[in-house]
Amino acid sequence: MEWVVTTGKTIEDAKEVALDRLGVHGDDAEFEVLSEAKTGLFGRVKEDARVRARVRPSTPRAKDERRRRGRNGKGNDRKRSGKSQGGQSGQGGQSGQRGQSRGGRPQGQGGRSRGGSQSAEKKNGRDENTQKRQDDAGRPARQSNEKKAKEKPMSDEPMMPLPQQADIAEEFVSGLAERFGVAVEMSREDVADDEIRITVTGDDMGRMIGRRGSTAMAIDDLVRTVLQRQAGSSRDGRVRVDVGGVRTRRAEALANFCRQQAAGVRESGVARSLEPMGGADRKVVHDTIAEEDGVDTISEGEDPNRRVVIVPAGDAA
Amino acid sequence: MSADAAAAVCEYVVKQIVDNPDAVSVSTSDNDGALRLDVTVGDGDMGRVIGKRGRVAGAIRTVVRAAGVDDDLSNIEVEFVD
């Protein structure tokens, strides 16, 4: 789902424009304030407020779901709370007041009840679907949800156990190395309950690592794709392939960087947005920040431009 | 020799990703000094090979180029033929 960026004299104005552009109800949109309006001398607007918005994704991806559990969906709440609107009833309330200006747009349910269900949704993406469906099946945005559900049916096939996935991954990598003409060794390690890391080592591995680990990264990507096809979509946990150990080294460097950034956020109380990175790197950031006091993370944007923002803890609530 | 490696890697990877490996074929040609690999896949498998936002296709290209690096193959093009 694409973001639209709009501007307005105030954040509210910019949001209005965004809603018109997206053609959805306020409840179904997700906002992020890029910059607030800057007032020049004598209160004249010097620079418009910038907001970006998109249609709220109907099914959060599985890994977000895992991450957000217990964090009360702070990330999303933060995105929605503009300067002048506080807390839960934020979007709903606003669209109620302003309904007039966007006449004809279905209003759906009242802000309050939506607000309640939203916070519940964020805790568990799975609830979100069922809840929404019970909530009000007739709303326009819901149709796209249903369509998506049809495109990607949840398969009932049993999930393939992680070790078996790791077998597939190892087989793929050894086949690949063979065609590269490189002799490799692989070692397996349980890094977490739901993660196995396969480290691939060998003498002449430069080609399989590539500049700044690009090839190593691509191989890991391909492993995931292979697993998707051979182990089915409902896989439990993850298998990560670390070619030449570059991933581990990179992850350490990234974690260090994150701790620095976290310190900056803690001191200044101002959120910092990191540059867009892949899911694996984002996980490193989330995991690192999770162990830091006084800071929290949220993810925003869509791949390949999804990025992590380090926010002061409590700020997001 | 390494041109073969690139093609072999390409074919191997694509076959691992698609639903119908038998329908995969990779043909090589010389395109103005660059090695060109034309990949065809069976019906319905193109999406898998390209992936969301071309992510899988990008990974395939990266890996295939890496496989050809040894042999002065400065440029390898991988085209997915519809």
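Whatever comes next refers back to the structure up there.
Residues numbered from 1 in each chain as written. Chains lettered and ligands numbered in written order. Predicted model: local features only at pLDDT ≥ 70, side-chain atom pairs only at ≥ 80, totals over all residues. Heavy atoms only, no water.

On to the overall build of chain B. Scanning chain B from N- to C-terminus turns up three helices and three strands. Walking chain B from its N terminus toward its C terminus, one meets helices and strands in the order α-β-β-α-α-β. Looking at the 82 residues of chain B, the share that counts as buried comes to 45%. Restricting the contact set of chain B to residue pairs at least 6 apart, pairs at least 24 apart contribute 59%. Total accessible area computed for chain B in this model is approximately 4100 Å², and 42% of it derives from carbon and sulfur atoms. (Helix = DSSP H or I, 4+ residues; strand = E, 2+ residues; numbered from the N terminus. Buried < 20%, exposed > 50% of the residue type's maximum accessible area, 1.4 Å probe, protein only. Contact = heavy atoms within 4.5 Å. Areas by Shrake-Rupley, 256 points an atom, 1.4 Å probe, with all protein chains shown as cover.)

The helix and strand inventory of chain A stands at twelve helices and eleven strands. Excluding contacts between residues fewer than 6 apart, the proportion of contacts in chain A whose partners are at least 24 apart in sequence is 64%.

Within strand β8 (residues 238-243) of chain A, six of the six residues are buried, leaving the element largely enclosed by the surrounding structure. The alternating pattern of β8(A) places R238(A), R240(A) and D242(A) on one face and V239(A), V241(A) and V243(A) on the opposite face, and all of these are buried.

Residue and element names in this part refer to chain B. With the rule as written, the count across this model stands at 16 salt bridges over all chains. Measuring nitrogen to oxygen at the nearest pair gives 3.1 Å for the salt bridge that ties E11 to K15. Of the two residues, E11 and K15 are both situated in helix α1 (residues 2-17); the distance of four residues between them amounts to about one turn of the helix. Judged by its relative accessible area of 28%, E11 falls in the partly exposed class. (Salt bridge = Lys/Arg side-chain N within 4 Å of Asp/Glu carboxyl O.)

Quick look at the nonpolar core now. In this structure, L176(A) and I60(B) are the most contacted members of the largest nonpolar core, which totals 57 residues. In terms of residue count, the dominant contributor to this core is helix α8 (residues 162-180) of chain A (nine residues). For I60(B), the contacting residues outside a window of four places in its chain are L222(A), V13(B), V14(B), I17(B), V49(B) and F80(B). (Core = buried A, V, L, I, M, F, W, Y, C linked by side-chain atoms within 4.5 Å.)

Relative to the 27 Å expected for 19 residues at 1.5 Å per residue, α8(A) spans 27 Å between its end C-alpha atoms, a close match to the ideal helical length. With its phi angle positive at about 75 degrees, G181(A) sits one or two positions after the end of α8(A). (Expected span 1.5 Å × (residues − 1).)

In this section: the interface of chain A and chain B. With 22 residues of chain A in contact, the opposing surface of chain B contributes 23 residues. For the pair chain A and chain B, the summed buried surface comes to about 2000 Å²; carbon and sulfur atoms form 61% of the total. Taken as a group, R179(A), R207(A) and R229(A) account for 32% of the area that chain A buries against chain B, more than any other trio of residues on that side. At the surface where chain A touches chain B, the tally comes to one salt bridge. A salt bridge links R55(B) to D221(A), with the nearest nitrogen and oxygen atoms 3.0 Å apart. Counting across the interface, chain A meets chain B through six residue pairs in polar contact (both at pLDDT 80 or more). Of all the secondary structure elements, the ones that give two or more residues to the side of chain A that touches chain B are α8 and α10 (214-231) of chain A. The element best represented in the side of chain A that touches chain B is α10(A), accounting for eleven residues. (Buried area = accessible area lost by both parts, 1.4 Å probe. Polar contact = N/O pair within 3.5 Å; in protein donor to acceptor, adjacent residues only side chain to side chain.)

The description of two packed helices rests on the angle between their axes and on the distance between the axes. At their nearest, the axes of α10(A) and helix α3 (residues 55-68) of chain B sit 8 Å apart, and the two run at 130 degrees to each other. Here α10(A) lies oblique to α3(B), going by the angle between them. As α10(A) packs across α3(B), the resulting crossing turns out to be left-handed. Taken together, the residues of α3(B) that come into contact with α10(A) (itself represented by S214(A), T215(A), A218(A), I219(A), D221(A), L222(A), R224(A) and T225(A)) are R55(B), V56(B), A59(B), I60(B), T62(B), V63(B) and A66(B). By residue class, the composition of the contact of α10(A) with α3(B) is eight nonpolar, four polar and three charged. (Axes fitted to C-alpha atoms, helices over the stretch in contact; angles between N-to-C directions. Parallel < 35°, antiparallel > 145°, perpendicular 65-115°, else oblique. Left-handed = near helix turned anticlockwise from the far one by under 90°. Nonpolar A, V, L, I, M, F, W, Y, C, P; charged D, E, K, R; others polar.)

What follows covers the environment of I11(A). All names here are of chain A. Locating I11 in the fold gives a position in helix α1 (residues 11-22). Overall, the relative accessible area of 8% leaves I11 in the buried class. Note: C-alpha distance between I11 and D48 (37 residues apart in sequence) is 8.4 Å.

So, on to the sheet that holds strand β7 (residues 195-202) of chain A. Residue and element names in this part refer to chain A. Read from one edge to the other, the open sheet built from three strands follows the order β6-β7-β8, with strand pairing classed as mixed. The two strands at the open ends of the sheet, each matched to only one other strand, are β6 (184-192) and β8. Strand-to-strand, the axes of this sheet are offset by a mean angle of 20 degrees, without reference to chain direction. Strand direction decides the pairing type here: β6 and β7, joined by eight bridges, are antiparallel. Along β7, the bridge assignment pairs V184 with G202. (Pairing = 2+ DSSP bridges.)

Turning next to helix α12 (residues 279-290) of chain A. All names here are of chain A. For α12, spanning twelve residues, the distance from its first C-alpha to its last is 16 Å, which sits close to the expected 16 Å at 1.5 Å a residue. By the criterion of burial, α12 is predominantly enclosed, with nine of the twelve residues buried. Among the residues of α12, those classed as buried are G279, A280, D281, R282, V284, V285, H286, T288 and I289.

Before going further, it helps to examine the packing of aromatic side chains. Taken as a whole and assessed by the stated rule, the structure comprises one aromatic pair over all chains. Judged by centre distance (5.5 Å) and plane angle (10 degrees), the ring pair of F172(A) and Y12(B) falls under stacked. Within this pair, whereas F172(A) is found in helix α8, its partner Y12(B) is found in helix α1, the two belonging to separate chains. Owing to a relative accessible area of 1%, F172(A) belongs among the buried residues under this scheme. Y12(B) gets classed as buried once you look at its relative accessible area, which sits at 11%. (Phe/Tyr/Trp six-rings, centres within 6.5 Å; stacked < 30°, edge-to-face > 60°.)

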